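Observations on the model geometry
The lines below spell out each chain.
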Amino acid sequence: MSASQIPPATAVTGDDVPTLLVKIFGKDRPGITAGLFDTLAAYSVDVVDIEQVVTRGRITLCALVTAPSPAQGATGSSEGDLRATVHSWAESLNLQAEIISGRGDNRPRGTGRSHVTVLGHPLTAESAAAIAAAITSTGGNIDRIFRLAKYPVTAVEFAVSGAATEALRSVLAPEAAQLGVDVAVVAAGLQRRAQRLVVMDVDSTLIQDEVIELFAAHAGCEAEVAEVTAAAMRGELDFEQSLHARVELLGGLDASVVEAVRKEVRLTPGARTLVRTLKRLGYQVGVVSGGFTQVTDALKEELGLDFASANTLEIVDGKLTGRVTGAVVDRAGKARLLRDFAQQAGVPLAQTVAIGDGANDLDMLNAAGLGVAFNAKPVVREAAHTAVNVPFLDTVLYLLGITRDEVEAADTHIE
């Protein structure tokens, strides 16, 4: 059938067409949805919209349908007949029914659509109320709420229309900080489903450790190095200068320390799940680090990463010289590498996600389409697009609209 032969669809309902909103409530069981539409089919109505939610075994089923015309219906021709039949069917299953008359389709959604993801550990009613009120204050309307995960955190997603993404983000960020929950706001659209590139910092992000401190422990200068590292991450010191100062303290260590440090590295909880799930979805994943290739190269191989870049400790005659070779991967370098990785991956910068915790990650976080501050220093939390303050790296998946059920279903697949 050609396009010119396709008859007009009555389901594309004008504002003047009478419609009925049929709402069914009660204990869920197999066959309810089929039963309702089988009942409605006797009146030859057209389906305009359907929504169904099941919460703790209770179903809420809404069907927006065209009202029956006087000439339609095998068992009756009037709206009254349809109402009586639907109520009778519902009562036979111990369900409740409500039917509301109106005209046309749902009211058009406002311009500007966003996904607002809220992470709570736990998510309190007070927090949910405050987030909903903040959304309303921007002129946004909550069109739908959906739970993404119940553990290790509670994650819910609000589909919001009628407010600009940036306006929502600016209002919700301080509200979330005050409530102690994490909120991410991203624009709705096809980009959210497109193939992406995710680039992570390594120390205190992908892994729980600061690698240079692991090396320093073997050199007997851990406390001194840790103090300089903390100041650099807070943005109080120039990263390159601090790196050279710290690496100098490692001079003379035997190269065998590299293998010892690799064994001491601890992945952040959820790191494997995050990378494994992203790779299954076709995402490309990389790391950039102010640490050392002697560790990041091993992580790249272990986790199957697509990209990895870091500084390299110079080793001469089996000893660390106390110097690094090549250009230093610093704050500006991380942003440059993000762009380089995106170009190699064929992914627009707007479809990249960057994750980090320190001041030297800020340029990368701001350059990415979505910058996530992960258990970050205050200066980073305030500047990033969104912050995650729970110790589970795989919660970043929820910010991308991926549910816990989908992650677990993928994990049951034997490759």
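What comes next is a walk through the structure. (Residues numbered from 1 in each chain as written. Predicted model: local features only at pLDDT ≥ 70, side-chain atom pairs only at ≥ 80, totals over all residues. Heavy atoms only, no water.)

1. Structural notes on the overall build of the chain
The cut-off we apply is this: Elements are defined by DSSP. Helices are runs of H or I of four residues or more, strands are runs of E of two residues or more, and each kind is numbered from the N terminus. As a reference, a globule follows 2.2 Å times the number of residues to the power 0.38, and the radius of gyration itself is taken over C-alpha atoms. Relative accessible area decides the class of each residue, using a 1.4 Å probe on protein chains only: under 20% of the type maximum gives buried, over 50% gives exposed, and in between gives partly exposed. The criterion used for residue contact is that any of the two residues' heavy atoms lie within 4.5 Å. What sets the accessible areas is the Shrake-Rupley method with a 1.4 Å probe; for residues, cover comes only from the shown protein chains. His is not counted here, nor are the chain ends, while Lys and Arg score as positive and Asp and Glu score as negative. All charge positions are set by atom: Lys at NZ, Arg at CZ, Asp at CG, Glu at CD.
Helices and strands together make up the secondary structure of the chain, namely 15 helices and 15 strands. In terms of overall dimensions, the chain is more spread out than a globule: its C-alpha atoms have a radius of gyration of 28 Å, far above the 22 Å expected for 415 residues. Dimensions of the chain, computed from C-alpha atoms along their principal axes, come out at roughly 95 × 45 × 45 Å. A burial count over the chain gives 46% of its 415 residues as buried. Considering only intrachain contacts with a sequence separation of at least 6, the fraction spanning at least 24 residues in the chain is 66%. As displayed, the chain has an accessible area near 19600 Å², and 51% of this comes from carbon and sulfur atoms. Where the 36 positive side-chain charges of the chain centre and where its 51 negative ones centre are 4 Å apart.

2. Structural notes on the nonpolar core
One recurring pattern in soluble globular proteins is that nonpolar side chains are buried together. For clarity, the threshold we go by: Residues grouped as a nonpolar core are buried Ala, Val, Leu, Ile, Met, Phe, Trp, Tyr and Cys residues, joined through side-chain atoms within 4.5 Å.
Met200, Leu206, Phe215, Phe292, Ile355 and Leu393 are the most contacted members of the largest nonpolar core, which has 62 residues in total. Ranked by the residues each element gives to this core, the list is headed by helix α5 (residues 211-219), at 5 residues. When residues no more than four places from it in sequence are discounted, the contact partners of Met200 are Leu206, Leu274, Val275, Val285, Gly286, Val287, Val288, Ile355 and Leu393. Ranked by size, the runner-up nonpolar core spans 22 residues in total, among them Val329, Ala368, Ala376 and Val380.

3. So, the pairing of strand β7 (residues 154-161)
Heads up, the rule is: Strand pairing is assigned whenever DSSP detects at least two bridges linking the two strands.
Most of β7 sits inside the fold, with 6 of its 8 residues counted as buried. Relative to β7, strand β5 (residues 113-120) runs antiparallel, the two being bridged by 8 bridges. Paired with Ser114 across the strands is Val160, a residue of β7. Direction of pairing for strand β6 (residues 141-149) relative to β7: antiparallel, over a ladder of 7 bridges. Looking across to β7, one finds that Arg147 is bridged to Val156.

4. Focus: the pairing of strand β10 (residues 284-292)
Burial analysis of β10 places 9 of its 9 residues in the buried class, which makes it a mostly covered element. Inspection of the sheet shows strand β9 (residues 197-200) paired to β10 by 4 bridges, in the parallel sense. By the bridge assignment, Leu197 is partnered in β10 with Gln284. Note that β10 and strand β11 (residues 307-316) share 4 bridges and pair parallel. Within β11, the residue paired with Phe292 across the bridge is Asn311.

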